[in-house]
Amino acid sequence: MTDAVSNLPYAEVIGDPIAHSKSPMIHRYWLQQAGIAADYRASHIRTEDLQSFFEQRRADPLWRGCNVTIPHKQAVMPFLDEIDPAAQRIGAVNTIVPRDGRLIGYNSDYAGFLEPLQPLLAQQHLFRMARIFGTGGAAKAVAIALHDQGFTCVIIARDLDKARALREAFEPDDRLVAPIDIFAEPTDFPFDDRQGILDVVVNTTSLGMKGQPPLQLDFSHIPPNAVIYDIVYAPLETPLLAEARARGLRTVDGLRMLVGQAAVAFEHFFGVPAPRGADDDLRRQLLA
């Protein structure tokens, strides 16, 4: 299912499901702010329909590209003519752009994820530690981004083989994978005050998303003064973030990453930077 068709140049987001996506609202807002006569749509595309989708879009002169969401970030890769080296390293594509008859895949999750952390990353730390829940396409972007920023990354998952495979993408270490179940039970691990250490806990799974059960995490596993980052944005305040805020921990919600990665994609699609000056107003609209 696709939004109403117009005769304007357009980009879109594809996924299955897709009704929850806020990308059309973000891009349409920026198009209006920038005075660009174009559109941005949401298209419900199943995995078995990806080939016909790309065949149709290649022939459409109005098409400026698409964002890719669950579950297609890896499935779209065989249909592309070229994959940006950063996306190739991550092993997932979330932005596709037509260039001179070729489809080129990028990954904007890397930069979008790091954007709200930049004030902290600009500081000096004795040690940086990340606990990352999940092993999907977004988890790869998150893990590689944090690794590149000097974090020691623990990958937490139900399937330890997938966790090991994710770590092998940037630094193999079987000691830094852990089963997700143990984090649901209390621990008596004696955390120190962690002074000079930056701890980040990231949920990259769909747990906590509307219609999904919450991430089962006992906060005795969370170091003092950690940053809790949940990339889920529907709902904006997941049970994980609600508990973290109640405990006085710093939090980052999924909307921050969504807007950050959307800005990277917007410039790919429409050839100009996203008009970020009104982001606070955009955020209010997204939350309305």
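Above this note sits the structure.
These remarks concern the structure in this document. Each residue is numbered by its place in its chain's sequence as written, counting from 1. Two thresholds apply to this predicted model, a pLDDT of at least 70 for residue-level local features and 80 or more for giving and counting side-chain atom pairs, whereas whole-chain, interface and lining totals are computed over all residues. Note: side-chain values were computed over all heavy atoms of the structure, leaving out hydrogens and water.

## Some points on the overall build of the chain
For the purposes of this entry, the term helix denotes a DSSP run of H or I that reaches at least four residues, the term strand denotes a run of E that reaches at least two, and both are numbered from the N terminus. A tally of regular secondary structure across the chain gives 10 helices and 12 strands. A compact globule built from 288 residues would reach a C-alpha radius of gyration of about 19 Å, and the chain, at 19 Å, matches this within 12%. Projected onto its principal axes, the C-alpha positions of the chain cover 60 × 40 × 35 Å. Using a 1.4 Å probe on the protein chains alone, a residue whose accessible area is under 20% of its type maximum counts as buried, one over 50% counts as exposed, and one in between counts as partly exposed. Looking at the 288 residues of the chain, the share that counts as buried comes to 50%. Considering only intrachain contacts with a sequence separation of at least 6, the fraction spanning at least 24 residues in the chain is 68%. Accessible areas in this description were obtained via Shrake-Rupley with a 1.4 Å probe; residue shielding takes into account the shown protein chains only. Counting only carbon and sulfur atoms, one obtains 50% of the accessible surface of the chain, whose full area is about 13400 Å². Positive and negative side-chain charges in the chain, numbering 28 and 36 respectively, have mean positions lying 3 Å apart. Only C-alpha atoms enter the radius of gyration; for comparison, a globular chain is expected to reach 2.2 Å times N to the power 0.38, where N is the number of residues. In this analysis, two residues are considered to be in contact whenever any of their non-hydrogen atoms come within 4.5 Å of each other. Only four residue types enter the tally: Lys and Arg on the positive side, Asp and Glu on the negative side, with His and both chain ends excluded. Charge positions are represented by NZ for Lys, CZ for Arg, CG for Asp and CD for Glu.

## Re the sheet that holds strand 3 (residues 63–68)
Pairing within the open sheet is mixed, and its six strands lie in the order 2-1-3-5-6-4. Each edge of the sheet is formed by a strand with only one pairing partner; in this case those strands are strand 2 (39–44) and strand 4 (82–83). Paired strands, as defined in this entry, are two strands with at least two bridges between them according to DSSP. As paired elements, strand 5 (residues 95–99) and strand 6 (residues 102–106) share five bridges and run antiparallel to each other. Residue pairing in the sheet places Arg99 in a bridge with Arg102 of strand 6. Angles run from 0 to 180 degrees between N-to-C directions of axes, and those axes are lines fitted to C-alpha atoms, restricted for helices to the stretch in contact. Along the sheet, helix 1 (residues 23–34) contacts strand 1 (10–15), strand 2 and strand 3; its crossing angle with strand 2, the most-contacted strand, is approximately 170°.

## Description of the pattern of salt bridges
Each reported salt bridge corresponds to a side-chain nitrogen of Lys or Arg within 4 Å of a carboxyl oxygen of Asp or Glu. Summed over all chains, the structure comprises 19 salt bridges. When the shortest N-O distance is used, the salt bridge between Arg194 and Asp199 registers 2.8 Å. The two residues Arg194 and Asp199 agree in class, both being buried. Here Glu237 makes a salt bridge to Arg245, at a shortest N to O gap of 2.6 Å. Assessed through its relative accessible area of 44%, Glu237 is described here as partly exposed.

## Comments concerning the packing of aromatic side chains
The geometry of two aromatic rings is summed up by the distance between their centres and the angle between their planes. Only Phe, Tyr and Trp rings are paired, with Trp represented by its six-membered ring, and only when their centres lie within 6.5 Å; those with planes under 30 degrees apart are stacked, over 60 edge-to-face, the remainder tilted. Throughout the structure, instances matching the rule amount to 10 aromatic pairs. For the ring pair Phe189 and Phe191, a centre distance of 4.9 Å and an interplane angle of 70° mean the geometry is edge-to-face. Residue Phe189 is classed as exposed on the basis of its relative accessible area, which comes to 51%.

## Side note on helix 1
Take the number of residues in a helix, subtract one, and multiply by 1.5 Å to get its expected span. Between the first and last C-alpha of helix 1 there are 16 Å, a value that for 12 residues agrees with the 16 Å anticipated at 1.5 Å per step. For helix 1, the full list of buried residues reads Ser23, Pro24, Ile26, His27, Tyr29, Trp30 and Leu31. Buried residues in helix 1 make contact with strand 1, strand 2, strand 3, helix 9 (254–270) and helix 10 (279–287). Following helix 1 by one or two positions, Gly35 adopts a phi angle in the positive range, close to 70°.

## Side note on the side chain of His27
Tracing the backbone shows His27 in helix 1. The contact partners of His27, leaving out residues within four places of it in the chain, are Tyr40, Asn67, Ala262, Ala265, Phe266, Phe269 and Phe270.

## A word on the layout of surface pockets
As a volume, the largest pocket reaches approximately 1000 Å³. Elements represented by at least two residues in the lining of the largest pocket include exactly strand 3, helix 6 (137–148), strand 8 (152–157) and helix 9. For the lining of the largest pocket, the leading source of residues is helix 9, giving four residues. As a working rule, the residues Ala, Val, Leu, Ile, Met, Phe, Trp, Tyr, Cys and Pro are called nonpolar, Asp, Glu, Lys and Arg charged, and the rest polar, with Gly in that last group. Residues that form the lining of the largest pocket fall into these classes: 19 nonpolar, 18 polar and six charged. Method remark: on a 1 Å grid restricted to protein atoms, a set of points is classed as a cavity if a 1.4 Å probe fits but cannot get out and as a pocket if it is open with protein on both sides within 12 Å along at least five of seven lines; lining residues have an atom within 4 Å of a point. Grid points are joined across faces, edges and corners, and a volume is the space filled by probe spheres set on the points.

## Examining unusual backbone geometry
Following Asp16, the chain continues into Pro17 via a peptide bond in cis, with omega recorded as 10°. Checked against the element boundaries, Pro17 lands in the loop between strand 1 and helix 1. In the segment running from Ile70 into Pro71, the intervening peptide bond is cis, with an omega of 5°. The backbone of Asp100 sits at a positive phi, close to 55°, despite the residue not being glycine. Residue position: Asp100 is located in the loop between strand 5 and strand 6. We classify Asp100 as exposed; its relative accessible area is 81%. A positive phi is found at Asn225, a non-glycine position, where the angle reads about 65°. With respect to the helices, strands and loops of the structure, Asn225 is situated in the loop between strand 10 (197–203) and strand 11 (227–230). Since its relative accessible area comes to 52%, Asn225 is described here as exposed.

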